[in-house]
Amino acid sequence: MSSPFSLRIFVADGDPDGLRIVERSNWIGKAVVFPRALLPKVKQREEFGQTGVYLLVGPHDDGQGEMLYVGEGDPVRPRLESHYAQKDFWNRAVFFVAGPGQLNKAHVQYLESQLIQRARAAKRMPLDNANQPSEPSLSEADLADMRVFLDNLLGILPILGIHAFEQPPTKAEVRGHV
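So, here is what we can say about the structure in this document. (Residues numbered from 1 in each chain as written. Predicted model: local features only at pLDDT ≥ 70, side-chain atom pairs only at ≥ 80, totals over all residues. Heavy atoms only, no water.)

Focus on the overall build of the protein
And step 1. Within the protein, the regular secondary structure consists of five helices and six strands.
And step 2. Put simply, the protein runs from its N terminus to its C terminus through helices and strands in the order β-β-β-α-β-β-α-β-α-α-α.
And step 3. A globule of 178 residues ought to have a C-alpha radius of gyration of about 16 Å, and the protein, at 16 Å, matches this closely.
And step 4. Considered along the principal axes of its C-alpha atoms, the protein spans approximately 50 × 45 × 35 Å. (Helix = DSSP H or I, 4+ residues; strand = E, 2+ residues; numbered from the N terminus. Rg over C-alpha atoms; globule rule 2.2 N^0.38 Å.)

Some thoughts on the packing of aromatic side chains
And step 1. Under the counting rule described, the total for this entry stands at six aromatic pairs.
And step 2. One aromatic cluster in this structure is built from Trp-27, Phe-96 and Phe-149.
And step 3. Across from the ring centre of Phe-5, 3.6 Å away, lies the NZ or CZ of Arg-24, which sits over that ring. (Phe/Tyr/Trp six-rings, centres within 6.5 Å; stacked < 30°, edge-to-face > 60°. Lys NZ or Arg CZ within 6 Å of the ring centre and 35° of its normal.)

As for the nonpolar core
And step 1. Leu-68, Val-70, Phe-96, Leu-115, Phe-149, Leu-157 and Phe-165 are the most contacted members of the largest nonpolar core, which has 33 residues in total.
And step 2. At the level of elements, strand E3 (29-35), strand E4 (52-59), strand E5 (66-73), strand E6 (92-98), helix H3 (105-122) and helix H4 (140-156) are the ones that each hand at least two residues to this core.
And step 3. Core analysis: the second largest hydrophobic core is formed by 19 residues, Leu-19, Phe-34, Leu-38 and Leu-39 among them. (Core = buried A, V, L, I, M, F, W, Y, C linked by side-chain atoms within 4.5 Å. Buried < 20%, exposed > 50% of the residue type's maximum accessible area, 1.4 Å probe, protein only.)

Let's talk about the environment of Leu-153
And step 1. Within the secondary structure, Leu-153 is located in helix H4.
And step 2. Judged by its relative accessible area of 0%, Leu-153 is buried.
And step 3. Setting aside residues no more than four positions away along its own chain, Leu-153 makes contact with Trp-27, Val-53, Phe-96 and Leu-115. (Contact = heavy atoms within 4.5 Å.)

Observations concerning the pattern of salt bridges
And step 1. One pass over the full model with this rule turns up six salt bridges.
And step 2. Lys-87 is paired through a salt bridge with Asp-128; the nearest N and O atoms lie 2.8 Å apart. One end of the pair, Lys-87, is in the loop between helix H2 (76-86) and E6; the other, Asp-128, is in the loop between H3 and H4, with 41 residues separating them in the sequence.
And step 3. Residue Lys-87 is classed as buried on the basis of its relative accessible area, which comes to 18%.
And step 4. Through salt bridges with shared partners, a single ionic network connects Lys-30, Arg-45 and Glu-47. (Salt bridge = Lys/Arg side-chain N within 4 Å of Asp/Glu carboxyl O.)

Description of the sheet that holds E4
And step 1. The six strands are arranged E1-E2-E3-E6-E4-E5 in an open sheet whose pairing can be described as antiparallel. The open sheet has two edge strands with one neighbour each: strand E1 (7-11) and E5. Strand-to-strand twist of the sheet, defined as the mean angle between neighbouring strand axes without regard to direction, takes the value 20°.
And step 2. Pairing of E3 with E6, which is carried by seven bridges, proceeds in the antiparallel orientation. (Pairing = 2+ DSSP bridges. Axes fitted to C-alpha atoms, helices over the stretch in contact; angles between N-to-C directions.)

Describing H3
And step 1. End to end, H3 covers 26 Å across 18 residues, agreeing with the expected 26 Å (1.5 Å per residue, within 8%).
And step 2. Taken residue by residue, H3 has His-107, Val-108, Tyr-110, Leu-111, Glu-112, Ser-113, Gln-114, Leu-115, Ile-116, Ala-119 and Ala-122 as its buried positions.
And step 3. Buried residues in H3 make contact with E4, E5 and H4.
And step 4. A distance of 3.0 Å separates the backbone nitrogen of Ala-106 from a side-chain oxygen at the start of H3, and that oxygen is part of Asn-104.
And step 5. Looking one or two residues beyond H3, the residue adopting positive phi is Lys-123, at roughly 55°. (Expected span 1.5 Å × (residues − 1). Polar contact = N/O pair within 3.5 Å; in protein donor to acceptor, adjacent residues only side chain to side chain.)

Here it is, written out as structure tokens:
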């Protein structure tokens, strides 16, 4: 059972479908949510210059549902600019960063690996990722920190309309033996 939490959603340009900054109570991370069309306008914001993990979401080629791409960047701006030029499917993006110096390359590689693994296991949305990145070596303390970061990130995504990582219920849960 998850603990209750609150979110603060800042609508940076006054458009509810535009750039949004999402912060969770008692958490060092933040989500940046924006439609693809806004990237050229918003990419100079400080969050884009930070290390983070990102999700690109858009319609599947066959028009049946959505597909997903998971990536990491140190910083995220050049990766998102590259995908803006080379990946056509996505129409919205979400990325997660933390305060300056809170996340490093190994941290976001761990998060990327976990998110891809979980999305594949959930089978809710096709992935545009071709490979499964390996997990970097993290200290015991860093691993514990990233597990908490991941749990908080996963708790926010459904509120943002991304359900790709939600695992199907186990047979015991289906039978009511939780």
